[in-house]
Amino acid sequence: QTCALPIYGKQANQLIEAIEARHPRLADYGLLHSGKGVQLQRADSDMALAVTQQLFDEGTPTLSVHDEHLAPRNKIGRVREVMEQHLEGTLDRLRS
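*Asks:* Provide a residue-level description of the overall build of the protein, including the pertinent values.
*Replies:* Counting secondary structure elements, the protein contains 4 helices and 2 strands. Each helix (α) and strand (β) of the protein, taken in turn from the N terminus, gives the series α-α-α-β-β-α. Computed over its C-alpha atoms, the radius of gyration of the protein comes to 18 Å, more than 25% above the 12 Å expected for a compact globule of 96 residues. Its C-alpha atoms give the protein principal-axis dimensions of roughly 55 × 30 × 20 Å. Per-residue burial for the protein yields a buried fraction of 15% across its 96 residues. Once local pairs closer than 6 in sequence are excluded, the contacts in the protein between residues at least 24 apart make up 34%.

Below you can see the structure in the form of structure tokens.
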């Protein structure tokens, strides 16, 4: 098993055991050490980029900050619509 934190050996194993104890479904579904977290981070990043690009192409400037997009107040409805559209597309791809 590998750990991205700067801890090793017994400490790392204790941390992994604590995570598994606190979140047993992660272990039950084989999600720990599967690379799924990295895949989800990439999907989130791709989705944010697609939202930003589509809105830019439509003439709406946005600033992506974590999981939100800052935009002119009069464009909030459109930003929400585009975000929801890309969320659904991303979820569909992840489910398949």
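Once the structure has been displayed, the description carries forward.
*Asks:* Describe the pattern of salt bridges, listing the residues and the values that go with them.
*Replies:* Taken as a whole and assessed by the stated rule, the structure comprises 4 salt bridges. Where Arg78 meets Glu81, a salt bridge forms, and the shortest distance between an N and an O atom there is 2.2 Å. Taken together, the residues span about one helical turn, with Arg78 and Glu81 both in helix 4 (residues 76-95) at a distance of 3 residues. On the basis of relative accessible area, Arg78 is assigned to the partly exposed category, the value being 28%. For the salt bridge of Arg95 with Asp92, the shortest nitrogen-to-oxygen distance reads 3.5 Å.

*Asks:* Can you explain the side chain of Thr90? Please cite residues and give values.
*Replies:* Topologically, Thr90 is positioned in helix 4. Overall, Thr90 belongs to the buried group, its relative accessible area being 6%. For Thr90, the side chain forms a polar contact with the main-chain oxygen of His86, separated by 2.8 Å. Non-local contacts of Thr90, meaning those with residues more than four positions away in its chain, are made with Ala43 and Met47.

*Asks:* If you had to explain the environment of Asp57 to someone new, which residues and values would you point to?
*Replies:* Take Asp57: it is sitting in helix 3 (residues 36-57). A residue is classified by how much of its surface remains accessible, and Asp57, at 57% relative accessible area, is exposed.

*Asks:* So what about the packing of helix 3 against helix 4? Which residues, and what values?
*Replies:* Where helix 3 meets helix 4, the closest approach of the two axes is 10 Å, and the angle between their N-to-C directions is 145°. The interaxial crossing formed by helix 3 with helix 4 has right-handed handedness. For the pair helix 3 and helix 4, contact is made by Leu40, Ala43, Met47, Ala50, Val51, Gln54 and Leu55 and by Arg78, Val79, Val82, Met83, Gln85, His86, Leu87, Thr90 and Leu94, respectively. A breakdown of the residues in the contact of helix 3 with helix 4 according to their chemical character gives 11 nonpolar, 4 polar and 1 charged.

About the cut-offs
- Counting starts from 1 at the beginning of each chain's written sequence and moves along it residue by residue.
- Residues qualify for local features only when their pLDDT is at least 70, as the model is predicted, and side-chain atom pairs are given and counted only at 80 or more; totals for whole chains, interfaces and linings, by contrast, use all residues.
- Only hydrogens and water are set aside when side-chain values are computed; all heavy atoms of the structure are taken into account.
- A run of H or I in DSSP counts as a helix once it spans at least four residues, and a run of E counts as a strand once it spans at least two, with each numbered from the N terminus.
- When we talk radius of gyration, it's over C-alpha atoms, and the globule rule is simply 2.2 Å times the number of residues to the 0.38.
- For every residue, the accessible area obtained with a 1.4 Å probe (protein chains only) is divided by the maximum for its type, and the residue is called buried under 20%, exposed over 50%, and partly exposed between those limits.
- Residue contacts follow a heavy-atom distance rule, with two residues in contact if any of their heavy atoms lie within 4.5 Å.
- Salt bridge criterion: a side-chain nitrogen from Lys or Arg within 4 Å of a carboxyl oxygen from Asp or Glu.
- Side-chain atoms alone can form a polar contact between residues adjacent in sequence; in general such a contact is a pair of N or O atoms within 3.5 Å, and within protein one must be able to donate a hydrogen while the other accepts it.
- The axes used here are C-alpha line fits, helices contributing only the stretch in contact, and every angle between their N-to-C directions lies in the interval 0 to 180 degrees.
- Two helices that cross are described as forming a left-handed crossing if the nearer one is turned anticlockwise from the farther one by less than a right angle, and a right-handed crossing if clockwise.
- Residue polarity follows a fixed list, in which Ala, Val, Leu, Ile, Met, Phe, Trp, Tyr, Cys and Pro are nonpolar, Asp, Glu, Lys and Arg are charged, and the others, Gly among them, are polar.

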